[in-house]
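Here's the letter readout for the chains.
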Amino acid sequence: MITDDNVRHLAKLASLTLDAAAVSRMRGELEAIVGYVEQLSQVDTTGVEPLTNVSGVVNVTRTDVPGPLIPTPTVLALAPARNEVAILVPKVVER
Amino acid sequence: MSEYEAVIGLEVHCQLATRTKMFTGATCDFGREPNSQVDVVTLGLPGALPVVNGQAVELAVRAALSLNGTVAEHSKFDRKHYFYPDLPKGYQISQFDEPYCTGGSITIELEGGGTKVIRLTRIHMEEDAGKLIHQDGGKWSEVDLNRAGTPLIEIVSDPDLRSAQEAYAYLVELKRSLKWVGVSDCEMQEGSLRCDANVSIRPVGQAKFGTRCEIKNLNSFRAVEAAIEHEIRQQVALHKAGRYHEVVQCTKLWDPDLKTTKVMRTKENAADYRYFPDPDLPALVIPAARVEAIRSAMPELPQIREARFQSQYALERAAAKELTAESPIADYFEALIAAGCPAKLAANWTREEAIRLANDQHKPLTVAAPLPIMAELILLVANNKVARVVAKAECSELFASGQKPEAYFTAKDQIQVQDTAALAALVAQAIAQEAKVVEDIRSGKLSAAGRLVGVSMKLSGGKFNPNDVKAELAKQLGVAL
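Since the structure is predicted, the reported quantities are computational estimates derived from the model, not experimental observations.

Re helix H6 (residues 302-313) of chain B
Residue and element names in this part refer to chain B.
And step 1. If you check H6, its first and last C-alpha atoms are 16 Å apart, about what 12 residues at 1.5 Å a residue would give, namely 16 Å.
And step 2. For H6, the full list of buried residues reads Pro302, Arg305, Glu306, Phe309 and Tyr313. Within H6, the buried residues cover an arc of 105 degrees as seen down the axis, which keeps them to one side.
And step 3. Summarising the contacts, the buried residues of H6 are in contact with strand E8 (105-109), helix H3 (164-180), helix H7 (317-323), helix H8 (327-338) and helix H9 (343-361).
And step 4. Once H6 ends, the next one or two residues include Ala314, with phi positive near 55 degrees.

And the structure:
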């Protein structure tokens, strides 16, 4: 059961601003999504070990050797705002 | 304060000394041009996949073992979500409910003597975030992503610490262990060691914990100590005034200039980070055999070496501690012993001269005070060929000269001689010069003899052994010294 408060909380975590109509619409959509996923709980998982990764692969590591870098101007060009050395973001309070 | 006790837990972030980042091959050197160590994974570009740095795992395991932790055979990486421009992909890769290490301990020395074991809750691996530079007065913040993705371990202590001094001692000991096994350079100024403190108070005898505040931005061990002191004082004052309800769970920032804290935010609850297993990263399996292989390749740990120095070389606790503050010091000391120097002298000369020279010159011990020269110098003193006071006085100049000690002291005519007649004449001269002192000694004030020994040594230019001088004095004055 998804409440309007759940939706508003999620919106806040996702940095989204939703008006009342959007909250109501989202609540319906989320109910449908969660309800769909909910079908999984009908599967009998007795004796099945929980998984956190479906690949079955473990320990994929690399050696500590430097790889290619992106030149600073290219990095900065990807940002919507920049100065000569840094990406600029609207001033934010410390997290 | 006596009716209250503080309850403190520390969270220490430590950068692992790898060449490249935790999950990608971008380098992570300190002090490079902003945004010059960035690649597709650092930027979180679509399709870029993280791959674990094997060396980071190796170092993390070393850290765990040096802190007596238990390495989990199975662990995984999780995404910790938050919105902040210091990580472009919108989450930090960390370890949530399956850290690679649980438990562990750090034994600290208490100020009044004795020791105390501080338990560790866990250690986990994660990636560092980028750096934000807030322009004063401007409307923009600058983002530098060089640090984003640097490998970190976070060492979380149990709330076992009871004072700011204990927290300080804990950090000193933690740093000693981590530096010792080569996990990190632990430079707080460069941010490779960072500390957050959780502080609460409670009336003595109360089992329940009080409300805790987390203090961040602690950029030196002294800042940690001062900030904790400050927070304890503040919470106690509120409790005494009947206003303890004003202590709310929050995160504060320490201002090192004003020596005060300011509230940064009230605590987000853990669920807000929406942790979930990172599907891009397969589980990490560290078999017991690998842990043992890493353990067997580690150097003798500082605490064990400290205890061995006390028992094997009959050193005082303080001396053993100082000589095991960093592994190069301990190695230097034992190299002197291997060169035949007596332990006591090797300990004294390492502590009093070699460390001083190294600090003055900002150079490694073996460069500032090369071992062959130091060993020869100590042996000259041990064999009574150069007076200790002379050796001490000449030490800096000797090492600056680069000469071999015996040649150096020979050139300066400071090698002690065994000439009995010359010694007798010299002591007679000192006695003649210092009639007043002689009178004092004769009237029973034997402590005055030190003055005569000093005068004799000075007259000899340090060429006689002080013990020989003393014996000759006793003989000529007819007193037992």
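On we go from here.
Structural notes on the domain arrangement of chain B
And step 1. Per the domain assignment, the segments making up chain B are domain 1 (4-289), domain 2 (300-411) and domain 3 (420-477).
And step 2. Put simply, the middle of domain 2 of chain B and the middle of domain 3 of chain B, counted by C-alpha atoms, are 31 Å apart.

Section: the layout of surface pockets
Residues and elements named next belong to chain B.
And step 1. Its volume calculated, the second largest pocket comes out at about 640 Å³.
And step 2. In this structure, the second largest pocket is lined by 26 residues; those nearest its centre are Glu109, Ala169, Val172, Glu173 and Lys321.
And step 3. With nine residues, H3 is the single largest residue contributor to the lining of the second largest pocket.
And step 4. Of the residues in the lining of the second largest pocket, the class split is eight nonpolar, six polar and 12 charged.
And step 5. Structurally, the lining of the second largest pocket is a two-domain feature, drawing no fewer than three residues from each of domain 1 (4-289) and domain 2 (300-411).

Side note on empty space enclosed by the protein
And step 1. Within the structure shown, the criterion is met by one cavity of 30 Å³ or more.
And step 2. Together, Asn59 and Val60 of chain A together with Val52, Leu281, Pro282, Ala283 and Leu284 of chain B line the largest cavity.
And step 3. Among the residues making up the lining of the largest cavity, the classes are represented as six nonpolar, one polar and no charged.

Things to note about a nonpolar patch on the surface
And step 1. A cluster of nonpolar side chains, namely Ile33, Val34, Tyr36, Val37, Leu40 and Val43 of chain A, defines an oily patch on the protein surface of about 610 Å² accessible area.
And step 2. Structurally, Val34 of chain A can be placed in helix H2 (residues 20-38).

Examining unusual backbone geometry
All names here are of chain B.
And step 1. Despite not being glycine, Asn68 has its phi angle at roughly 60 degrees, a positive value.
And step 2. With respect to the secondary-structure elements, Asn68 resides in the loop between helix H2 (54-66) and strand E3 (70-71).
And step 3. The partly exposed category is assigned to Asn68, whose relative accessible area is 46%.
And step 4. For Ala314, which is not glycine, the phi torsion reads 55 degrees and is therefore positive.
And step 5. Here Ala314 shows up in the loop between H6 and H7.

Considering the nonpolar core
And step 1. Membership of the largest hydrophobic core comes to 128 residues, with the highest contact counts inside it found for Leu10, Ile153, Tyr170, Leu178, Ile228 and Met374 of chain B.
And step 2. Looking at this core element by element, the count peaks at nine residues for H9 of chain B.
And step 3. When neighbours within four sequence positions are excluded, Leu178 of chain B is seen to be in contact with Cys14, Ala63, Ser66, Leu67, Ile155, Val183, Ser184, Cys186 and Leu193 of chain B.
And step 4. Ile70 of chain A together with Val38, Ala129 and Val143 of chain B belong to the second-largest nonpolar core, a separate cluster that totals 17 residues.

Examining the environment of Asn59 of chain A
And step 1. One can find Asn59 of chain A in the loop between H2 and strand E1 (61-62).
And step 2. A residue is classified by how much of its surface remains accessible, and Asn59 of chain A, at 32% relative accessible area, is partly exposed.
And step 3. Sequence spacing of Asn59 of chain A and Leu10 of chain A is 49 residues, and the spatial spacing of their C-alpha atoms is 34 Å.
And step 4. For Asn59 of chain A, the residues in contact, after removing those within four places along its chain, are Ala283, Leu284 and Val285 of chain B.
And step 5. Here Val285 of chain B takes part through its backbone nitrogen, which lies 2.6 Å from a polar atom of the side chain of Asn59 of chain A.

Digging into the packing of aromatic side chains
Residues and elements named next belong to chain B.
And step 1. Counting across every chain of the model gives eight aromatic pairs over all chains.
And step 2. Considering the side-chain rings of Phe23 and Phe77, the 5.3 Å spacing of their centres and the 90 degrees angle between planes classify their relative orientation as edge-to-face. Of the two residues, Phe23 sits in the loop between strand E1 (4-15) and helix H1 (40-43) while Phe77 sits in the loop between strand E4 (74-75) and strand E5 (78-81), which places them 54 residues apart along the sequence.
And step 3. The buried category is assigned to Phe77, whose relative accessible area is 1%.
And step 4. Between the aromatic rings of Tyr273 and Tyr275, the centroid separation amounts to 6.1 Å while the plane-to-plane angle is 70 degrees, which identifies the pairing as edge-to-face.
And step 5. Under the relative-accessibility criterion, Tyr273 is labelled buried at 10%.
And step 6. Judged by relative accessible area, Tyr275 falls into the partly exposed class, the value being 23%.

Quick look at the interface of chain B and chain A
And step 1. Each partner contributes to the interface: chain B provides 56 residues, whereas chain A provides 36 residues.
And step 2. Summed over both sides, the interface of chain B with chain A buries roughly 3,900 Å², with 59% coming from carbon and sulfur.
And step 3. Counting across the chain B and chain A interface gives zero salt bridges.
And step 4. The interface formed by chain B and chain A includes 21 residue pairs in polar contact (both at pLDDT 80 or more).
And step 5. Secondary structure elements with two or more residues in the side of chain B that touches chain A: H1, strand E2 (52-53), H2, strand E10 (131-134), strand E11 (140-144), strand E16 (260-266) and strand E18 (284-285) of chain B.
And step 6. Counting residues per element, the side of chain B that touches chain A draws most heavily on E11 of chain B, at four residues.
And step 7. Grouping the amino acids of the side of chain B that touches chain A by side-chain chemistry returns 28 nonpolar, 16 polar and 12 charged.
And step 8. Taken together, the two bridges between E1 of chain A and E2 of chain B define a ladder with parallel strand orientation.

About the cut-offs
- Residues numbered from 1 in each chain as written.
- Chains lettered and ligands numbered in written order.
- Predicted model: local features only at pLDDT ≥ 70, side-chain atom pairs only at ≥ 80, totals over all residues.
- Heavy atoms only, no water.
- Helix = DSSP H or I, 4+ residues; strand = E, 2+ residues; numbered from the N terminus.
- Expected span 1.5 Å × (residues − 1).
- Buried < 20%, exposed > 50% of the residue type's maximum accessible area, 1.4 Å probe, protein only.
- Arc of directions from axis to C-beta.
- Contact = heavy atoms within 4.5 Å.
- Domains from an automatic or database assignment.
- 1 Å grid on protein atoms, 1.4 Å probe; cavity = no way out; pocket = protein on both sides within 12 Å on 5 of 7 lines; lining within 4 Å.
- Points joined across faces, edges and corners; volume = space filled by probe spheres on them.
- Nonpolar A, V, L, I, M, F, W, Y, C, P; charged D, E, K, R; others polar.
- Patch = residues over 30% accessible without salt bridge, like charges linked within 9 Å, V, L, I, M, F, W, Y side chains within 5 Å.
- Areas by Shrake-Rupley, 256 points an atom, 1.4 Å probe, with all protein chains shown as cover.
- Salt bridge = Lys/Arg side-chain N within 4 Å of Asp/Glu carboxyl O.
- Core = buried A, V, L, I, M, F, W, Y, C linked by side-chain atoms within 4.5 Å.
- Polar contact = N/O pair within 3.5 Å; in protein donor to acceptor, adjacent residues only side chain to side chain.
- Phe/Tyr/Trp six-rings, centres within 6.5 Å; stacked < 30°, edge-to-face > 60°.
- Buried area = accessible area lost by both parts, 1.4 Å probe.
- Pairing = 2+ DSSP bridges.

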